Structures are given as C-alpha cells and as structure tokens.
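Residue-level structure breakdown
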Amino acid sequence: MSQIISSPDRREITWRDAETYGDSSWVSAEEVCAQIRKAPPLMKTIGYVLYEDEIYVAMCDTIGPEETSAITKIPRMMIIEMKQFYEAEFES
C-alpha cells in the first residue's frame, strides 16, 4: 500500500456540481431564461479518500507507491450521497 494512504477508504460520492454558462460575450435573454431553469449537473466520483474534514472530502482514483492521480476536492455542501465500498466487494 502507498505511503500516502495507509488505510484505503474507497467511496462513491454523488454530488451537485457548480456551473457557469456563457463566456466573455453577452448572453441573450432567451438563453438566460433557458439556462436558469436547468439544474446543475449531478456528478459521481469513485476513488480513494485521502483526507476529509467538515468542509470537504479529498480523493483520487489511482494510488502508486509514491504518487497519486489528480486530486479531487468535493465541498460537503455539494454532496448528495456517499457510499463506502468494503474489501469484500473487491474480491473475486
């Protein structure tokens, strides 16, 4: 196991992402009316929990002996559901 994480806590987190619509140009009233009624996207992240506190959960999807993949930090206010995976679920 990696030196970065001693006890693997694997989870699937369902969360509501923040979203920005538009770029540096103006957004028409028609586009505004169409976009404001669309809910922000619902996302799922599956991986190893590296750190968590009352504000956010930090995780990655790949762990090596001295490195990890990119780290995703998900604010707890955006989390809809967390599902923990247990070792038995990974055995063949």
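The structure we're discussing is the one just above.
Quantities reported herein were computed from a predicted structural model and do not represent experimental measurements.

Describing the overall build of the protein
When its secondary structure is counted, the protein shows one helix and five strands. From first element to last, N terminus to C terminus, the protein shows the α and β order β-α-β-β-β-β. A buried classification covers 23% of the 92 residues belonging to the protein. Sequence-distant contacts in the protein: of pairs separated by 6 or more residues, those separated by 24 or more amount to 59%.

Re the packing of aromatic side chains
Counted according to the given criterion, the structure contains one aromatic pair. Note on Tyr-51 and Tyr-56: the rings are 5.7 Å apart at their centroids and 45 degrees apart in plane angle, and the pair reads as tilted. The exposure class of Tyr-51 is partly exposed, given its relative accessible area of 43%. Look at Tyr-56 and you get partly exposed, because its relative accessible area is 23%.

Considering the nonpolar core
Counting residues in hydrophobic clusters, the biggest one holds seven residues: Ile-13, Trp-15, Val-49, Val-57, Met-59, Ile-74 and Ile-79. With residues up to four places along the chain from it excluded, the contact list for Trp-15 reads Pro-41, Leu-42, Met-43, Lys-44, Thr-45, Ile-74, Met-78, Ile-79 and Ile-80.

A word on a nonpolar patch on the surface
Residues Tyr-21, Val-27, Val-32 and Ile-36 make up a contiguous nonpolar surface patch of about 340 Å² in total accessible area. Looking at the element boundaries, Ile-36 is found in helix H1 (residues 29-36). By relative accessible area, which is 59% here, Ile-36 ends up exposed.

Quick word on the pairing of strand E3 (residues 56-60)
In terms of burial, E3 is largely enclosed, as four of its five residues are buried. Bridging between strand E2 (residues 42-52) and E3 involves four bridges; their strand directions are antiparallel. Within E3, the residue paired with Tyr-51 across the bridge is Ala-58. Judged from the four bridges that link them, E3 and strand E4 (residues 72-75) form a sheet pairing that is antiparallel. By the bridge assignment, Ala-58 is partnered in E4 with Lys-73.

Some thoughts on the pattern of salt bridges
A complete count under the given rule lists four salt bridges for this structure. Among the ionic pairs, Arg-76 bridges to Glu-52, the shortest N-O distance being 2.5 Å. Of this pair, Arg-76 sits in the loop between E4 and strand E5 (79-85) while Glu-52 is found in strand E2, placing the two residues 24 residues apart along the sequence. Look at Arg-76 and you get partly exposed, because its relative accessible area is 27%. The partly exposed category is assigned to Glu-52, whose relative accessible area is 32%. Through salt bridges that share partners, Asp-9, Arg-11, Glu-52 and Arg-76 make up one connected network.

Conventions we followed
Residues numbered from 1 in each chain as written. Predicted model: local features only at pLDDT ≥ 70, side-chain atom pairs only at ≥ 80, totals over all residues. Heavy atoms only, no water. Helix = DSSP H or I, 4+ residues; strand = E, 2+ residues; numbered from the N terminus. Buried < 20%, exposed > 50% of the residue type's maximum accessible area, 1.4 Å probe, protein only. Contact = heavy atoms within 4.5 Å. Phe/Tyr/Trp six-rings, centres within 6.5 Å; stacked < 30°, edge-to-face > 60°. Core = buried A, V, L, I, M, F, W, Y, C linked by side-chain atoms within 4.5 Å. Patch = residues over 30% accessible without salt bridge, like charges linked within 9 Å, V, L, I, M, F, W, Y side chains within 5 Å. Areas by Shrake-Rupley, 256 points an atom, 1.4 Å probe, with all protein chains shown as cover. Salt bridge = Lys/Arg side-chain N within 4 Å of Asp/Glu carboxyl O. Pairing = 2+ DSSP bridges.

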